[in-house]
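# Fold and contact review
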Amino acid sequence: MKKHYFLSIFIVLAAILLSGNSFAQKKLVNKAFTWAKQGTNLDTALKALDAAAVDPTTKDWAKTYYAYALVYQAIGNTQVEEFKSLEKYPFIKAFDNFKKTYYMNGGSAFKTDIDFALTSLPNILANAGVEAYSAENFSDAFKYFEKSYEVTQMPVFGGSIDTILIFNTALMAFRSNDYENAIKYYTKAAELGYGEGDTYAILAESYKGKGDNDGYVKTLKDGFDRYPSNL
């Protein structure tokens, strides 16, 4: 009887401790959420969320990643220098966490707010891509344009297709010698008819850059068959 009694006491105490730890972790997430909204203590907010993301009580909680998204968004918008240096690609990280929240269990509670946040994100990312391009940082420009395109594939945009964005993503991949991604996005642009024969010509050059001579010749032939007047 004593053995069972002490075992029961141990189980109850363990449950209390676990419940207390769960409450503490969720309290930290809620604090990070508030700090993100206020644009304050963003460094502390990130540390709190880093801990919450590996804690068993909060690592699968949708609000953890929604708070992450808001913190990264706040870092992207901040004018405080010490916060600006916390993350090199804050808006990319913000979207990745918005997307994670959107599709995970419990994420439906945040979908309306996420949809609203996403509506402005393609332009923010595309503008960052233009800035990187102007600085001749083509690999960063590709990151921003590709992520901008990924955002436009979310349900809130209703399946709309931005062919210029696809073409620019391909161009930045090509300019940074990332021929695999150049082929991927130029192929999308070609399928949509954007750029006509010129797109096929650059797609062919992407195969050539990759060292795929068969792909190079075939793409030129396909382009000429489709647009015979384009020299």
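Heads up: these notes are all about the structure in this document. (Residues numbered from 1 in each chain as written. Predicted model: local features only at pLDDT ≥ 70, side-chain atom pairs only at ≥ 80, totals over all residues. Heavy atoms only, no water.)

### Quick look at the nonpolar core
Defined as follows: What is meant by a nonpolar core is a set of buried Ala, Val, Leu, Ile, Met, Phe, Trp, Tyr and Cys residues, joined one to another through side-chain atoms within 4.5 Å. Each residue gets one of three labels from its accessible area relative to the maximum for its type: buried under 20%, exposed over 50%, partly exposed in between, using a 1.4 Å probe on protein chains only. In this text, helices come from DSSP runs of H or I with a minimum length of four residues, and strands from runs of E with a minimum of two, each type numbered from the N-terminal end.
L49, V71, F98, I114, L118, L121 and L125 are the most contacted members of the largest nonpolar core, which totals 60 residues. With 11 residues, the single largest contributor to this core is helix α3 (residues 62–77).

### Examining the packing of helix α9 (residues 163–175) against helix α10 (residues 179–191)
In plain terms, the rule: Only the contacting stretch of a helix is used when fitting its axis, a line to C-alpha atoms as for every element, and angles between N-to-C directions run 0 to 180 degrees. The labels follow the angle: roughly parallel below 35 degrees, roughly antiparallel above 145, roughly perpendicular from 65 to 115, and oblique for the rest. Left-handed describes a crossing whose near helix is turned anticlockwise from the far helix by less than a right angle; the clockwise case is right-handed. By definition in these notes, contact holds between two residues if any of their heavy atoms fall within 4.5 Å. Throughout this entry, Asp, Glu, Lys and Arg are counted as charged residues, while Ala, Val, Leu, Ile, Met, Phe, Trp, Tyr, Cys and Pro are counted as nonpolar. The remaining residues, Gly among them, count as polar.
Orientation of α9 relative to α10, taken along the N-to-C sense of each, is 155°, at an axis distance of 8 Å. When the axes of α9 and α10 are compared, the pair comes out roughly antiparallel. Crossing angle aside, the handedness with which α9 passes α10 is left-handed. Facing α9, whose interface residues are I166, F167, T169, A170, L171, A173 and F174, α10 presents Y179, N181, A182, Y185, Y186, K188 and A189. Here the residues of the contact of α9 with α10 sort into 11 nonpolar, two polar and one charged.

### Here we look at the side chain of S206
Note on placement: S206 falls in helix α11 (residues 196–210). Once residues within four sequence positions are removed from consideration, S206 is found in contact with F174, Y179, A182, I183 and Y186.

### Considerations on helix α12 (residues 213–226)
Which entries qualify depends on this criterion: For a helix, the expected span equals 1.5 Å multiplied by the number of residues minus one. Taking the helix axis as origin, the arc is that swept by the directions to the C-beta atoms. Throughout this description, a polar contact denotes any pair of N or O atoms lying within 3.5 Å of each other; where both atoms belong to protein, one of them has to be capable of donating a hydrogen while the other can accept it, and for residues adjacent in sequence the pair is counted only when both atoms sit in side chains.
Here α12 is 14 residues long and its end C-alpha atoms lie 20 Å apart, about the 20 Å a rise of 1.5 Å per residue gives. Within α12, burial applies to G215, Y216, T219 and G223. One face of α12 carries all of its buried residues, which in axial projection span an arc of 100°. Exposed positions of α12 whose direction lies more than 90 degrees from the buried face are N213, D214, K218 and K221. Next to the buried residues of α12 lie α11. Measuring from the side-chain oxygen of the N-cap residue of α12 to the backbone nitrogen of D214 gives 3.4 Å; that N-cap residue is D212.

### Remarks on helix α8 (residues 138–151)
With 14 residues, α8 ought to run about 20 Å at 1.5 Å a step, and its terminal C-alpha atoms sit 20 Å apart, in line with that. For α8, the buried fraction is high: 10 of the 14 residues fall into the buried class. Every buried residue belonging to α8 is among F138, D140, A141, F142, Y144, F145, K147, S148, Y149 and V151, and all of these are buried. Summarising the contacts, the buried residues of α8 are in contact with α5 (90–103), α6 (111–118), α7 (121–134), α9 and α10.

### Topic: the pattern of salt bridges
To be explicit about the condition: The rule for a salt bridge is simple: a side-chain nitrogen of Lys or Arg has to be within 4 Å of a carboxyl oxygen of Asp or Glu.
All chains considered together, the criterion is met by 10 salt bridges. D96 is paired through a salt bridge with K147; the nearest N and O atoms lie 2.9 Å apart. One end of the pair, D96, is in helix α5; the other, K147, is in helix α8, and 51 residues separate them in sequence. For K147, a relative accessible area of 13% puts it in the buried group. Salt-bridge contacts for K147 lead to E150; the nearest nitrogen and oxygen are separated by 3.0 Å. Residue K147 and its partner E150 are both found in helix α8; the two are separated by three residues, about one turn of the helix.

### Some thoughts on the packing of aromatic side chains
Here is the rule we go by: Two rings from Phe, Tyr or Trp (for Trp, the six-membered ring) form a pair when their centres sit within 6.5 Å of each other. Planes less than 30 degrees apart are called stacked, planes more than 60 degrees apart edge-to-face, and all others tilted. When the NZ atom of lysine or the CZ atom of arginine is within 6 Å of a ring's centre and also within 35 degrees of its normal, the charge is said to sit over that ring.
Summed over all chains, the structure comprises 14 aromatic pairs. Both rings, one in Y66 and one in F98, keep their centres 6.1 Å apart while their planes meet at 50°; by these two values the pair is tilted. Here the residue Y66 occupies a position in helix α3, and F98 occupies one in helix α5, the gap between them amounting to 32 residues. The pair Y66 / F98 is uniform in exposure class, with both members buried. Geometrically, the ring pair formed by Y89 and Y144 is edge-to-face, given 5.9 Å between the ring centres and 65° between the ring planes. Pair noted here: Y89 is in the loop between α4 (81–84) and α5 and Y144 is in helix α8, with a separation of 55 residues, a long-range link. When its relative accessible area of 16% is taken as the criterion, Y89 is described as buried. Aromatic ring contacts, followed pair by pair, group F33, Y66, F98 and F110 into a single cluster. The residue whose ring lies beneath K63 is F33, and the NZ or CZ to ring-centre distance is 4.7 Å. When the ring centre of Y102 is taken as origin, the NZ or CZ atom of K111, which lies over that ring, is 4.8 Å away.

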